[in-house]
Amino acid sequence: MTVPAVWMLIRKEFMLEWRQHSALSGVFLYLVATVFVCYLAFEGIISVRSWNALYWVIMLFASVNVSLKSFVQEHEQRHLYYYTMVAPRAAINAKIIYNALLMMFMGLAGFGIFVAFMGNPVASLPLFLVNMLLGMAGFSSVLCMVSAIAARVRNNFTLVAILGFPLILPMLLLLIGVSHRATTGASLWEAAPDFLIMGLLIAVTLLLSNILFPYIWKE
């Protein structure tokens, strides 16, 4: 895997997104519609724990929608072209990095929409933002690999739920716990052990992606 190849593929993804606006527009519409429905259901009055849980549930499903488009929207001819041009590890790492950046933007947008409709219960904003950015990176590392597997078995989206959610569940529980600490005003130092565990989970999923994806790439 070479850095120029990864950068080239990331640049290609941004150029395609800039031309089509499919992922960003769809995700933004999903976020606004979902949060607005929650606002109508709760009439703008919601507890801190419910706010926290709703935010991460909505972010999780939005991340699934983003990751599914990574491999499913590409034709077989394009996969064949990439196969002859770049190494498989460059392809998967470029997808993970691009989706992580897209999901981080989505997380910031989702937080802004939540604050606009449901208020802002977060007392420690730096802790919440660091936790959110790590969470989006973790979602990307897991869901990109699962999306690649689903795309190779005739786009069987059921595999995403079967394989993805059990892998994401430990990380999701950590994210919800740290976000709850952020609403109580905890510092970054207090959440350092949780961040370390999240970093290890991300590292493991990245390692597995780089080991397993070349075998999927050959199919």
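Scoring rules and cut-offs
- Residues numbered from 1 in each chain as written.
- Predicted model: local features only at pLDDT ≥ 70, side-chain atom pairs only at ≥ 80, totals over all residues.
- Heavy atoms only, no water.
- Patch = residues over 30% accessible without salt bridge, like charges linked within 9 Å, V, L, I, M, F, W, Y side chains within 5 Å.
- Areas by Shrake-Rupley, 256 points an atom, 1.4 Å probe, with all protein chains shown as cover.
- Salt bridge = Lys/Arg side-chain N within 4 Å of Asp/Glu carboxyl O.
- Helix = DSSP H or I, 4+ residues; strand = E, 2+ residues; numbered from the N terminus.
- Phe/Tyr/Trp six-rings, centres within 6.5 Å; stacked < 30°, edge-to-face > 60°.
- Buried < 20%, exposed > 50% of the residue type's maximum accessible area, 1.4 Å probe, protein only.
- Contact = heavy atoms within 4.5 Å.

Asker: I keep staring at a nonpolar patch on the surface and nothing clicks. Help me out?
Answerer: Where nonpolar side chains cluster on the molecular surface, the patch consists of Val204, Leu207, Leu208, Ile211, Leu212 and Tyr215 and spans about 590 Å² of accessible area. Following the sequence through the fold, tyrosine 215 ends up in helix H8 (residues 192-218).

Asker: Help me understand the packing of aromatic side chains in this model?
Answerer: Any aromatic ring pair is given by two values, namely how distant the centres are and how the planes are angled relative to each other. Applying the stated rule across the entire model yields 13 aromatic pairs. For the ring pair tryptophan 51 and tyrosine 55, a centre distance of 5.9 Å and an interplane angle of 5° mean the geometry is stacked. Pair noted here: tryptophan 51 and tyrosine 55 are both in helix H3 (residues 48-72), with a separation of four residues, about one helical turn. Summarising the burial analysis for this pair, tryptophan 51 and tyrosine 55 share the class buried. Aromatic pair tyrosine 55 and phenylalanine 114: ring centres 5.5 Å apart, planes at 85°, arrangement edge-to-face. With tyrosine 55 in helix H3 and phenylalanine 114 in helix H5 (residues 88-118), this pair connects stretches of sequence that are 59 residues apart. By relative accessible area, phenylalanine 114 is classed as buried at 2%. One aromatic cluster is present, built from ring pairs that chain together Trp51, Tyr55, Trp56, Phe111, Phe114, Phe128 and Phe139.

Asker: Can you walk me through the pattern of salt bridges in this structure?
Answerer: Side-chain pairs of opposite charge can arise whenever the charged atoms involved come near each other. Counted by the stated rule, this structure contains one salt bridge. Between aspartate 194 and arginine 181 there is a salt bridge whose closest N-O contact spans 3.4 Å. Taken as a pair, aspartate 194 in helix H8 and arginine 181 in helix H7 (residues 158-183) lie far apart in primary sequence, 13 residues in all.

Asker: For this particular structure, what's the right way to read the side chain of serine 124?
Answerer: Relative to the assigned elements, serine 124 resides in the loop between H5 and helix H6 (125-152). Accessibility expressed as a relative area gives 11% for serine 124, which makes it buried. Setting aside residues no more than four positions away along its own chain, serine 124 makes contact with Ala182, Gly185 and Ala186.

Asker: Is there a simple way to explain the environment of phenylalanine 195 in this structure?
Answerer: Topologically, phenylalanine 195 is positioned in helix H8. Taking the C-alpha atoms as reference points, phenylalanine 195 and leucine 175, 20 residues apart in sequence, are found 9.1 Å from one another. Leave out the neighbours within four places in its chain, and phenylalanine 195 touches Leu127, Val130, Asn131, Leu134, Val178 and Leu188.

Don't take any of this as a statement about function, it's just geometry.
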